Amino acid sequence: MNERDSEIIAQSLSQHNYIETIDIDSADLIILNTCSIRAKAEQKVMSMLGYLRKAKKSRPDLKICVAGCVAQQEGEKLLERMPHVDLVVGTQHIYGIPSLLDKKSYSGERVATDLSDKYAIPRFIPDTSETHSTQNQNQQFSRFVTIMQGCNNYCTYCVVPYTRGREVSRKYSDIIDEINVLVDSGVIEITLLGQNVNSYGKTNPVTNDGSPFSFPQLIHEVSKINRLERLRFTTSNPKDLNDDLMKCFRDVPKLCPQFHLPVQSGSNRILKKMNRKYSIEKYLELVDSLRKYCPGIALTTDIIVGFPGEEKHDFDETMKLLETVRFDASFSFKYSDRPGTASLHLSDKIDEEEKSRRLAVFQKRQNEISLERNNGYIGKTVKVLVESLTAKGYQCRAATNHVVHVETSTTLVPGCFADIQIVHAGQHSLKGRPI
């Protein structure tokens, strides 16, 4: 989501005569688009702002803007702590950065924005004629499209409802229009983005006549767009996953057989403390259904270790879940306190050393399972999208989202598909040769 927001910021500024530079020392405007989902990300922001203090002192006309979730979380306090910061722009105001900069230039007033109860995602359709120097090579044919923002779930550890606001679904017609513009410019792969895409269309009307419209319906409609080859989405809450969405993996050929389904813990007791509103038994039923509808689906998840009150038997349940599901990969992290969340006030915190030990145990076993699962691809032929040419060869991506590396002995074209026979598997990627 932050990567897409950064694209939106760059695209909107380019329409107001700004040009991107990769040289921070020559920039007239520096924007930090921030994340506060974990403490480490926030600490990096503060460290960078400390560095920029010196730049502002030597170049007083330099404008510094903090955008995104840390901006939303800290607001006016950030202006007080960092007098060299000109703008603090929360998640709902990134589309208005050009006008906020104009206001700052005119009045000299430093500004911090806030969340709105009546927020609606702007229609903003990108100008695909613009080429930005900092964009990844593969973004010309693979792009993110925001379909909703915010979250209503209030998991006890999660800062998202406080930094992104309540769930807001984007107008269906705006989504289709944006994808059509992107496809007309050569994009062949789209990833639909939201904090909880399963809830799309449930909070506010997304059609002009106000008729009900669900996320599975959106997938079916997007898949009808000519010249779109691949479709992905992220991310989902298991409590809202229904049969209609799971059947899309069987019925929509363009939908890639890959699903990120965050579980967070294997312990029902901890899930309850997290306010996740599903049980491990229910989660395993969903996994069984997904694999029934799409036998080759690649499943990934999120795991938090060391949540307050997590005892040894709770962590053992998480390890048991890992052995049962055998995720293709997972994003695992130590619990960290986040401002404003309910878990901040829980007293039974786990010490850092024990959290680190548990995380190492989990990640070691996950890496072993990932390698075992990846070894199953050796000898198989997979269709990949060639993403880029690097010093080490071609980087490609399979429909299952596996990164596939191919040597340069055969010429491949970024943005095109190729049939690759897998000859080697690592923990996090595959290697292959063209057929």
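Everything here concerns the structure above.
Overview of the structure. (Residues numbered from 1 in each chain as written. Predicted model: local features only at pLDDT ≥ 70, side-chain atom pairs only at ≥ 80, totals over all residues. Heavy atoms only, no water.)

## Some remarks on a negative patch on the surface
Now for step 1: Taken together, E76, E80, E109 and D114 make up a surface patch of like negative charges.
Now for step 2: Position of E80 among the secondary structure elements: in helix α4 (residues 76-81).
Now for step 3: Residue classification places E80 among the exposed residues on the basis of a relative accessible area of 64%. (Patch = residues over 30% accessible without salt bridge, like charges linked within 9 Å, V, L, I, M, F, W, Y side chains within 5 Å. Areas by Shrake-Rupley, 256 points an atom, 1.4 Å probe, with all protein chains shown as cover. Salt bridge = Lys/Arg side-chain N within 4 Å of Asp/Glu carboxyl O. Lys, Arg positive; Asp, Glu negative; His and termini not counted. Charge placed at Lys NZ, Arg CZ, Asp CG, Glu CD. Helix = DSSP H or I, 4+ residues; strand = E, 2+ residues; numbered from the N terminus. Buried < 20%, exposed > 50% of the residue type's maximum accessible area, 1.4 Å probe, protein only.)

## Section: the sheet that holds strand β13 (residues 381-390)
Picture the strands of a sheet paired through backbone hydrogen bonds; they go either parallel or antiparallel.
Now for step 1: Pairing within the closed barrel is mixed, and its five strands lie in the order β13-β14-β15-β17-β16. Across the sheet, the mean angle separating the axes of adjacent strands is 50 degrees when strand polarity is ignored.
Now for step 2: Bridging between β13 and strand β14 (residues 393-398) involves six bridges; their strand directions are antiparallel. Each bridged residue has a counterpart across the sheet, and for L385 the counterpart in β14 is R397. (Pairing = 2+ DSSP bridges. Axes fitted to C-alpha atoms, helices over the stretch in contact; angles between N-to-C directions.)

## Topic: helix α1 (residues 2-14)
Now for step 1: With 13 residues, α1 extends 18 Å between its outermost C-alpha atoms, agreeing within 8% with the 18 Å of an ideal straight helix rising 1.5 Å per residue.
Now for step 2: Among the residues of α1, R4, D5, E7, I8, I9, A10, Q11, S12, L13 and S14 are the ones counted as buried.
Now for step 3: Of the surrounding elements, those touching the buried residues of α1 are β1 (29-34), β2 (63-68), α5 (97-107), β5 (142-146), α7 (172-184) and β8 (189-193). (Expected span 1.5 Å × (residues − 1). Contact = heavy atoms within 4.5 Å.)

## Points about the pattern of salt bridges
Now for step 1: Summed over all chains, the structure comprises 33 salt bridges.
Now for step 2: With its nearest N and O atoms 2.9 Å apart, the salt bridge here joins R164 to D5. Placement of the pair is R164 in the loop between α6 (160-163) and β7 (168-169) and D5 in helix α1, with a sequence separation of 159 residues.
Now for step 3: Owing to a relative accessible area of 2%, R164 belongs among the buried residues under this scheme.
Now for step 4: Classification of D5 as buried rests on a relative accessible area of 3%.
Now for step 5: Across the salt bridge formed by K273 and D348, the nearest N and O atoms sit 3.1 Å from each other. Highlighted residues: K273 in helix α10 (residues 268-274) and D348 in the loop between β12 (329-334) and α13 (352-375), separated in sequence by 75 residues.
Now for step 6: Classification of K273 as partly exposed rests on a relative accessible area of 25%.
Now for step 7: It is possible to trace a salt-bridge network through shared partners that takes in E323, R326, K364, R365, E368 and E372.

## Observations regarding the nonpolar core
Now for step 1: By size, the foremost hydrophobic cluster in this structure holds 65 residues, and its most contacted members are L192, F215 and F233.
Now for step 2: Counting residues per element, this core draws most heavily on helix α11 (residues 280-293), which supplies six residues.
Now for step 3: Setting aside anything within four residues of it in sequence, one finds L192 in contact with V145, I147, I179, V197, F215, L218, L231, R232, F233 and T234. (Core = buried A, V, L, I, M, F, W, Y, C linked by side-chain atoms within 4.5 Å.)

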